[in-house]
Amino acid sequence: MLLFWIVLIALIVWGVVSLTRHGRYGHMHMHTGGCCSTDGNALDIARERYARGEISKDQFETLKKDLG
C-alpha cells in the first residue's frame, strides 16, 4: 500500500513538472512558431518577444539596429 502512494505522488509531481516546464507562464505552447520555433530568423524572434512584452521598445530598437 505504501508503494501505491509513492507511485501516485511521483506521477502527480511528474505531471506538474512536465506541464510547467514548457512555458514561461506555466502553460504548454499550443501555437506554431514563437519561442520554441527554430525556423524564424533573429529579427522575427525579436519582434515576437517585443509583441509579448518580454523586451522594451528600446531593447527592440537596439536589436533591430544590430540585426539589420
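Look a little higher up for the structure.
Per chain, residue numbering runs from 1 following the sequence as it is written. Restriction of local features to residues with pLDDT of at least 70 applies here, the model being predicted, together with a cutoff of 80 or more for giving and counting side-chain atom pairs; totals for whole chains, interfaces and linings are based on all residues. By convention in this description, side-chain values take in all heavy atoms of the structure and omit both hydrogens and water.

Examining the pattern of salt bridges
Alright, step 1. Every case where a carboxyl oxygen of Asp or Glu lies within 4 Å of a side-chain nitrogen of Lys or Arg is listed as a salt bridge. On inspection of all chains with the given rule, the structure shows four salt bridges.
Alright, step 2. Measuring nitrogen to oxygen at the nearest pair gives 3.0 Å for the salt bridge that ties R47 to D44. With a gap of three residues between them, R47 and D44 both fall in helix α2 (residues 42-52), about one helical turn apart.
Alright, step 3. For the exposure calls, accessible area comes from a 1.4 Å probe over protein chains only, and a residue counts as buried if that area is under 20% of its type's maximum, exposed if over 50%, partly exposed in between. Look at R47 and you get partly exposed, because its relative accessible area is 42%.
Alright, step 4. A relative accessible area of 31% means that D44 is categorised as partly exposed.
Alright, step 5. Residues K64 and E61 are paired through a salt bridge, measuring 3.8 Å at the closest nitrogen-oxygen approach. Of this pair, K64 and E61 are both found in helix α3 (residues 57-67), three residues apart, which corresponds to roughly one turn of the helix.
Alright, step 6. The class of K64 is partly exposed, set by a relative accessible area of 34%.
Alright, step 7. E61 gets classed as partly exposed once you look at its relative accessible area, which sits at 35%. Each helix is a run of DSSP H or I of at least 4 residues and each strand a run of E of at least 2, with the numbering of both proceeding from the N terminus.

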